[in-house]
Structure formats: structure tokens, C-alpha cells
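# Topology and contacts: notes
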Amino acid sequence: MDIKSRLTALRKAMARNNIDAFIIPSMDAHLSEYTPKRWKGRTWISGFNGSAGTVVVTADKAGLWTDSRYFLQAAEQLKGSTIELYKEAVPGVPTIEQFLTQTLSAGKTVACDGACYAHAQAEALEKALDNFGIVFRTDTDLLEEIWTDRPDIPGEKLFRQSAEYAGYTAKEKIAIVNTELKKQGANAVVVTMLDELAWVFNLRGYDVDFNPVGVAFGFISEKESVLFVKSEKVDDALRGALEKEGIHVRAYESVVDYISGLGAEVKLLVDSKRISEKLFRAIPAHCRIIESVSVITMLKAIKNKTELDGVRNAMVRDGVSLTRFFIWLEKALAEGERPTEYEIGKILNGFRAKGEKFYGDSFGTIAGYKGHGAIVHYEAKEESSYRLEPEGILLLDSGGQYLDGTTDITRTIALGKVSDEIKTDYTLVLKGHIGIAMCQYPQGTRGSQIDILARKPLWDRGLNYGHGTGHGVGCFLNVHEGPQNIRTEVNPTVLEVGMITSNEPGIYRADQYGIRIENLVVTKVNCETEFGKFLGFETLTLCYLDNSLVKKELLTEAEVAWYNEYQEMVYRKLSPSLTKEEAAWLRKKTEKI
């Protein structure tokens, strides 16, 4: 079935079920950003495969809402589909709520699959629609009726993450979670997010591309801990190990009945953004609900010493792999080879795979040459990717999953002659990057309060970028995680010591080029004065920055000092793992400016 046929089939199913508008989010039954194939319904119905977006279908209209990272990609992928692109946060563009209330009249019905819709979203939308007399249902999955070859729930086996890398056993983590629950007056929590479940039970899996997680639910209380999972995913050895840690294994499908059967003594901590509407509605009325941010999200975000040591070690191996890749690329172009964007992504993966403890890429490599670099989350296809030439710039955003850590790095490098405008843009982005890297802020500061440091050099010239400046990063877990971030939108989560966050300002000129510089940083204590404790960042990522793109005259003395110190650190930490020839090449790339 092509996209138009799928939309026709959906509309027929809507008519049979007396539904006037159907919402298809990008999330799965665990509210994941990156989902197993079974729950890629938004991609199946629209053809758009970005990580964020929502499709809404009515009897005669269809729209996709997505953010600025995907405007160019979505416009291309929606061609010929009859689905209109709605650019989120752009003035004059209606929100989903506005679209529905402007399109439908009182008495009409909007529906979605409540298993894949966060309770917070469902509650807000239900209230908004009710103001206009529109009914909102969350009890139906119309895709199940029409998606005839829909993939099954993954059955790949789970495996244990050793305390050697995790820092604590699962039993110890469960005890910590129960302690944190007590502090909030709760005594139980349902674990729905796959990365939270992987973290607290020290489990990893193969169910989601690039993210080492497995499909399962969890329940934690002082009374018992339960893993709800398909039986084929847990072999006898793992089952025995889990039981020793006090974790009982039950059928995946039994989670709703289990929640429905909770006793009146249960005081359940609920994060309304991290529990589906279906599971929330299963909570008995006699249970006390304590609404708060998930304690596991907060615990997972603050890395322990073992995790941080592992990430630092992984960064060295990752930096060595990247150095060898860039040596290869420079030599290949000099010898007349013209690899494609698609090919260099595969080749980079090969360099990383030679390193120890490598699991796989942490996301699909973004290799954007010239105009493709302006597509923030560009995905190179074998048949349409550009061939690299010894001119212009390449934006390369990539990362690796290692047993001891997760990496995410973007470098923009010159492949040959570049314009003065490119150098100016690059240096402005660099100034923003250094602004974040050098900043010192009082304890209790939120990411939104320092985001201006990354954007001001661009804003001063009437320039900007549409994505966030930084996102949380897991430890051998999802490359995107919360709760902290650095972006213009207000997020109440403060930056805590031990949190790993990306630092990635950029600029994108459509059809010309894109520039982004990304390192991972960890929050640390800088100093303590009579005015309190002040925090800052330690840069973790190790890979050279391209001196040839820097206009030194645009940098302050402090920025030049940071830049030269960073380049020297890269050489100092990577050169012992390189050959003599490789180290000499890197020495030249990291010369002081």
C-alpha cells in the first residue's frame, strides 16, 4: 500500500468507528523517542521517518506537525502524500489543538491509541477539546485494523549490564529508588520508559535501533519488584540472576491487570509525562497518586563515578576512531577518491567497530555535504547522497554506543577551499560553543538560563538556529535523555553535578551548507564562595576542531585560550593510542591558532 492508499484505509476505519479525527504520534507504548518497528505507525501512515512528529487525519485533511529540525526533511518526504506540513512554533501555524477545534464542530469525536499517548498530553487535549464540545477517546488503535503486515513486539533476548560499568547492582539501585520514593511520600512506581527500566534493572537489549534497550515494563515497591516482559526475551540464566536481585518476571501483557489490582495501601508516584494514558487509567481509584518527575529519570541523569570514568574511557577510544577516519578521508580525497555521504557513514562505523567494547552507532550518522548539511537531521540515502569533493564543508554528526558509555559528536570540517562567509559563520558558532563550555553559573541554574550564551554571537548578527543547544545523554543508553536540557524553552530541571549534556550550537543556510559543533560536557563544581556554590562544565569529547575554518580576529583572548587548551587536551589524551604517523597528523591539526 502506498501512502494515499493507507490514508484511505484509515479513513474507512474511522468511519466504521464513528471517529472524525485520528491522531498518530511518533511514540510507542513506552513513550519512546526512538521506537521499535511495531510502533512506527506515524512513519507507516505518512512516509516521514524523523524521530519527532505527529500526524492528524480527518475525513478530508491530513497534517504532520514536527519541529524545525525536520522542516526540510519532512517537506521532501511528504511530497505526493496529500499530507500537509505544519511547522511547530512558527508564527501563524496552528497547533494540533487549534487545528482540531477549527476543523471540527461540537459533537465530533477525536481519537488516538491511549497506549501510545502520554497521560499529560491526553489530559491537556481532552480539556481543550471539551471546551468546544468535542469528544476525545483514547481507547482504540485503528492502525491495528489496517496495518496488515504490522511487525510484532520484538522478541530479542535481554542481557545484563555489569555493575563493573553501571556502578551499582540492580538490587542496590532498587533500594535507592525506594528511598527516593519515600522522600516524596510514595511507596511504589510503575516503570514505563525503556531507558529507565534498563537503568534500574541493569538490563540492555536490541529492540530499538541505536538504543541498547529492550521492550518491557517494570514495577518497584518496598514489597516487590517486577519485570513485565515477553517470556522469550529472558533465558533461564537471566531469569535466575534477576530473581537473586529480587526481581520477579511476569508476562508483558499482564502489566495492565497488575496495575488494576494494586491495593489501597499503594501510594503510586506518577510522572504524567512518562506514563501512557492507558496505564494511568488502569490505576485503581483507591490508590493514592503522587504526581512528580520520575525519580528514576533524575537518578539516571546524574552519573556516578563508575559511569563517568567509563564515559571518559569511551571518549578516548571514540576520539581515536574519529582521528583515523579523518586521516583516511583526507588521504582518500587527495588521491582522487570521491566517497558519498552514505559511504562515509558506513566507513566511520567500521573505524569505531575496531575499538574495544563497541556495541554500535548511537544514532544514524548525519553526513551532510554542502546543502545537505543544512538539513539538521539529514539521513543520507545510497541512491541520492552527494559525492564529496575537495571543496566546501562537511557536517558530520555521529556517535557510538560502548559498554561503558555513549558518545555524540558533531564536527564541521573543510574539504578544500571555503568562502569567507563560511569561516565567519563557523567562528560565530564556535564562539557560542565556547560560551557554553566556559560558563560558570550558581547552583540551581536551569539550562534555559544559559542558552543565550550559545546564541548571542549569532543573534548579534541577526542569525539563529531552530534546535536546542543541548540534550541529556545516557551512559550506554539513549543518546537523547532528560530531564535536563539547554534550550530557549523553559524547563524547570536544574543542571546538577554529574549530568552529561551536549553542547551543540549551529547555523544552517538552506541549500548552501550547515555548521554545527558538538561536544558532550559534564556538570561539575567550579568553586564555592560566600555567595554559594558555582558550577561549570568539563568537556568530555575528544576530537580536533578545524583550525582552517576559524577567524581568530573574531575571538576574544579568553576564547582563543580555551580553544588552544582544548586542542592540546585532544592531542595529549589521544596521541598515546595512535601510531607515530597518526600522532604527527593530529599534532598538526591541533596546532595553536
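In this text the structure is predicted, and so the values were computed from the model without any measurement.

## What about the environment of Ile500?
You can see Ile500 is positioned in strand S24 (residues 500-503). Residues Ile500 and Gln98, spaced 402 residues apart in sequence, show a C-alpha to C-alpha distance of 36 Å. Beyond its immediate stretch of four places on either side in the chain, Ile500 contacts Ala301, Lys303, Leu308, Val311, His471, Gly472, Val473, Gln484, Leu520, Val521, Val522 and Leu540.

## Quick look at the sheet that holds strand S8 (residues 188-191)
On the basis of which strands lie adjacent, the open sheet formed by 6 strands has the order S12-S11-S10-S8-S13-S14 and mixed pairing. In this open sheet, the two edge strands, each paired with only one partner strand, are strand S12 (247-251) and strand S14 (288-291). If you compare each strand with its neighbour and ignore which way they point, the axes differ by 25 degrees on average. In the sheet, strand S13 (residues 267-270) pairs with S14 via 4 bridges, with the strands oriented parallel. Across the sheet, residue Lys267 finds its bridge partner in S14, namely Arg288. Sheet strands touched by helix H8 (residues 170-183): S8, strand S10 (217-221), strand S11 (225-229), S12 and S13. Its angle to S10, the strand with the most contacts, is close to 65 degrees.

## A word on the domain arrangement of the protein
The accessible area lost on association of the parts is a frequent measure of interface size. We note that the domain assignment places domain 1 (3-146), domain 2 (159-301) and domain 3 (305-588) within the protein. Each of domain 2 and domain 3 was reduced to a C-alpha centroid, and the two centroids are 33 Å apart. Listed per partner, the contact involves 22 residues of domain 2 and 23 residues of domain 3. Between domain 2 and domain 3 the total buried area reaches about 1,800 Å² when both faces are included, carbon and sulfur atoms providing 59% of it. Taken as a group, Tyr165, Phe210 and Ala301 account for 37% of the area that domain 2 buries against domain 3, more than any other trio of residues on that side. If you look at where domain 2 meets domain 3, you find 1 salt bridge. Between Glu481 and Lys300 there is a salt bridge, with the nearest N and O atoms lying 3.0 Å from each other. Put simply, domain 2 and domain 3 have 5 residue pairs in polar contact (both at pLDDT 80 or more) between them. At the level of secondary structure, the elements contributing two or more residues to the side of domain 2 that touches domain 3 comprise helix H7 (163-166), helix H9 (194-200) and helix H13 (295-301).

## Observations regarding a negative patch on the surface
Residues Glu123, Glu126, Asp130 and Glu291 make up a contiguous surface patch of negative charge. Of the residues forming the negative patch, the biggest block, 3 residues, is contributed by helix H5 (residues 119-130). Of note, Glu123 is situated in helix H5.

## Digging into the sheet that holds strand S2 (residues 54-58)
Strand order across the open sheet formed by 6 strands is S4-S3-S2-S1-S5-S6, with mixed pairing between neighbours. Bordering the open sheet on either side are strand S4 (84-87) and strand S6 (135-137), each of which pairs with just one other strand. Recorded for the sheet is a direction-independent mean angle of 20 degrees between the axes of neighbouring strands. Summarising the sheet, strand S3 (residues 62-66) and S4 pair through 4 bridges and their orientation is parallel. Note that in S4 the partner of Gly63 across the bridge is Glu84. Where H5 meets the sheet, it contacts strand S1 (21-24), strand S5 (109-112) and S6, and its direction lies at approximately 160 degrees from that of S6.

## So, the packing of aromatic side chains
Tallying each qualifying case throughout the model produces 20 aromatic pairs. Consider the rings of Phe325 and Phe326, whose centres lie 5.3 Å apart with planes at 65 degrees: the pair is edge-to-face. By relative accessible area, Phe326 is classed as buried at 3%. On the basis of relative accessibility, which here comes to 0%, the residue Phe325 falls in the buried class. Members of the aromatic cluster, each reached through a chain of ring pairs, are Phe325, Phe326, Trp328, Phe351, Tyr544 and Trp585. Here the guanidinium or amino end of Arg455 rests over the ring plane of Tyr465, the centre of that ring lying 3.9 Å away.

## Looking at the nonpolar core
Within the largest apolar cluster, 79 residues are counted, with the highest numbers of intra-cluster contacts made by Phe326, Leu329, Leu394 and Phe537. Per-element tally for this core: the top contributor is helix H14 (residues 305-334), with 9 residues. With residues up to four places along the chain from it excluded, the contact list for Phe326 reads Leu396, Arg411, Ile413, Cys543, Tyr544 and Trp585.

## Overview of helix H18 (residues 557-574)
The end-to-end C-alpha distance of H18 is 26 Å, a good match for the 26 Å that 18 residues give at a rise of 1.5 Å each. Those residues of H18 that are buried lie in contact with H14, strand S20 (409-414), helix H16 (420-438), strand S27 (519-529), strand S28 (532-539) and helix H19 (580-589).

## Some details on unusual backbone geometry
Cis geometry marks the peptide bond from Gly482 to Pro483, where omega comes out at 5 degrees. We note that Lys357 has phi near 65 degrees; this positive angle belongs to a residue other than glycine. For Lys357, the location among the structural elements is in the loop between helix H15 (341-353) and strand S15 (358-361). Looking at Lys357, the relative accessible area reads 31%, which means it is partly exposed.

What counts, and where the lines are drawn
- Residues numbered from 1 in each chain as written.
- Predicted model: local features only at pLDDT ≥ 70, side-chain atom pairs only at ≥ 80, totals over all residues.
- Heavy atoms only, no water.
- Helix = DSSP H or I, 4+ residues; strand = E, 2+ residues; numbered from the N terminus.
- Contact = heavy atoms within 4.5 Å.
- Pairing = 2+ DSSP bridges.
- Axes fitted to C-alpha atoms, helices over the stretch in contact; angles between N-to-C directions.
- Domains from an automatic or database assignment.
- Buried area = accessible area lost by both parts, 1.4 Å probe.
- Salt bridge = Lys/Arg side-chain N within 4 Å of Asp/Glu carboxyl O.
- Polar contact = N/O pair within 3.5 Å; in protein donor to acceptor, adjacent residues only side chain to side chain.
- Patch = residues over 30% accessible without salt bridge, like charges linked within 9 Å, V, L, I, M, F, W, Y side chains within 5 Å.
- Areas by Shrake-Rupley, 256 points an atom, 1.4 Å probe, with all protein chains shown as cover.
- Lys, Arg positive; Asp, Glu negative; His and termini not counted.
- Charge placed at Lys NZ, Arg CZ, Asp CG, Glu CD.
- Phe/Tyr/Trp six-rings, centres within 6.5 Å; stacked < 30°, edge-to-face > 60°.
- Buried < 20%, exposed > 50% of the residue type's maximum accessible area, 1.4 Å probe, protein only.
- Lys NZ or Arg CZ within 6 Å of the ring centre and 35° of its normal.
- Core = buried A, V, L, I, M, F, W, Y, C linked by side-chain atoms within 4.5 Å.
- Expected span 1.5 Å × (residues − 1).

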